[in-house]
Amino acid sequence: MTDLSPLVLAGIRAGRPLVGPQNVHVDVTNTCNAKCITCWDHSPLLDTPRTREWKQQTLPWERFEEVLAALDRMGSCRAVVLSGMGEPLLHPRIYDMMAEVKRRGWHLTVLSNLVAADIERLATAGVDNLLVGVHGATPDAYMAFHPGWTELQFTTLQSHLRKLVRAGVSTRHVQVINRDTAPDFVQMVRFGHRFRAERINYKLASLAGGTETTAITEDQRAWLREEAVPRARELAAELGVKTNLHLFERQIGTDSALTTTPMDEVGCYMGYVYTRIAVDGTVLFCCNTNVEVGHLREGPLDALWEGDRWQALRERIGRHEWLTGCERCGKFEQNVKWAERLRA
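The text that follows walks through the structure, step by step, so that each part is easy to find.

Conventions we followed
Residues numbered from 1 in each chain as written. Predicted model: local features only at pLDDT ≥ 70, side-chain atom pairs only at ≥ 80, totals over all residues. Heavy atoms only, no water. Helix = DSSP H or I, 4+ residues; strand = E, 2+ residues; numbered from the N terminus. Buried < 20%, exposed > 50% of the residue type's maximum accessible area, 1.4 Å probe, protein only. Axes fitted to C-alpha atoms, helices over the stretch in contact; angles between N-to-C directions. Parallel < 35°, antiparallel > 145°, perpendicular 65-115°, else oblique. Left-handed = near helix turned anticlockwise from the far one by under 90°. Contact = heavy atoms within 4.5 Å. Pairing = 2+ DSSP bridges.

### Some details on unusual backbone geometry
Even without being glycine, arginine 196 reaches a positive phi, approximately 55 degrees. Inspection of the secondary structure assignment puts arginine 196 in the loop between helix H8 (187-194) and strand S6 (199-204). On the basis of relative accessible area, arginine 196 is assigned to the exposed category, the value being 63%. One non-glycine residue, histidine 320, lies in positive phi territory at about 60 degrees.

### Thoughts on the packing of H8 against helix H9 (residues 218-239)
One can describe the packing of H8 onto H9 by two numbers: an axis separation of 9 Å at closest approach and a directional angle of 20 degrees. Classified by the angle their axes make, H8 and H9 are roughly parallel. Crossing angle aside, the handedness with which H8 passes H9 is right-handed. Residues Val189, Arg190 and His193 of H8 lie in contact with H9, whose contacting residues are Ala232, Leu235, Ala236 and Leu239.

### Some details on the pairing of strand S7 (residues 274-277)
Sheet faces and side chains relate simply in a regular strand, where the side chains alternate between the two faces. Side chains Tyr274 and Arg276 project from S7 onto one buried face, and the interleaved Thr275 and Ile277 project onto a second face that is buried too. The pairing of strand S1 (residues 23-27) with S7 spans four bridges and is parallel. Bridge assignment links asparagine 23 to a residue of S7, and that residue is tyrosine 274. Taken together, the two bridges between S7 and strand S8 (residues 282-284) define a ladder with antiparallel strand orientation.

### Re the environment of aspartate 41
Position of aspartate 41 relative to the elements: it lies in the loop between S1 and helix H2 (52-55). Since its relative accessible area comes to 10%, aspartate 41 is described here as buried. It is 33 Å that separates the C-alpha atoms of aspartate 41 and glycine 15, two residues lying 26 residues apart in sequence. Sequence-distant contacts of aspartate 41, that is, excluding residues within four places in its chain, are made with Leu46, Arg50, Trp54, Lys55 and Met85.

Right, here's the structure in full:
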């Protein structure tokens, strides 16, 4: 496929996109089999829990087809993420969705905790980037991060990882760091090596809505900076495991436990390359569920992309007039990459 980066960069400089989104994130279900302690949607600590009706929502097949048709018309899509505010592998047609993405030749990323996987079917689905939410390297940390789960789920996760290794399927391990998982920080490298992770993505927990009490302590922050990150980097080099420790260091370099990304020094470019579509058809500017740009009932995705509401947000964020949640940017790594391209 044609490299659209020059057009994307020209659009950023012009202040208006010259091409449609290259990366599209589609949430397929709100249903989840876990209650991760830091989760904005399923944590038992939330001040305002999600309703039962919300948790039962899944993306209708017809809407999924409408989104793909709009992306076909735009001609810019290069990569699709199938995920959810729940566990995507619980969607009854998730493997059909994977097949439709691959049929179009797009890069496919799937985010999953793996526990609910039909692992044989997943292993042959052609997923290009399988992001596995691990969150811990020992049973104690794993169970603390996943209230209600036991060593059974940790064993299932490891069993599925072994099967993927045998099938030659590459995975990336996502390790969200909070007070419960921080003690396993260095061991996460060994865990990744054991299951041949293509990379370990460390991410400082993004906390809100009642989950703030699970943040790393100041003592843990100091330990991570001074001891754990250097040890993890040294071990990763020794074992040949790739990590994003250079980015994680920037996250823990902020002064506040609730500010995880230095946006003023990086900037945001998601309005030119990315969008996320929620299960109910809400179209989001980025992964921040509070930043809406419209709804698919108002018109197809390609019409919304060109609309005034989306453009107004691009201009506001281009002025670094940040919105609530930007201090916990979930697209920090992608923004860093685009910032580097602009400088180059």
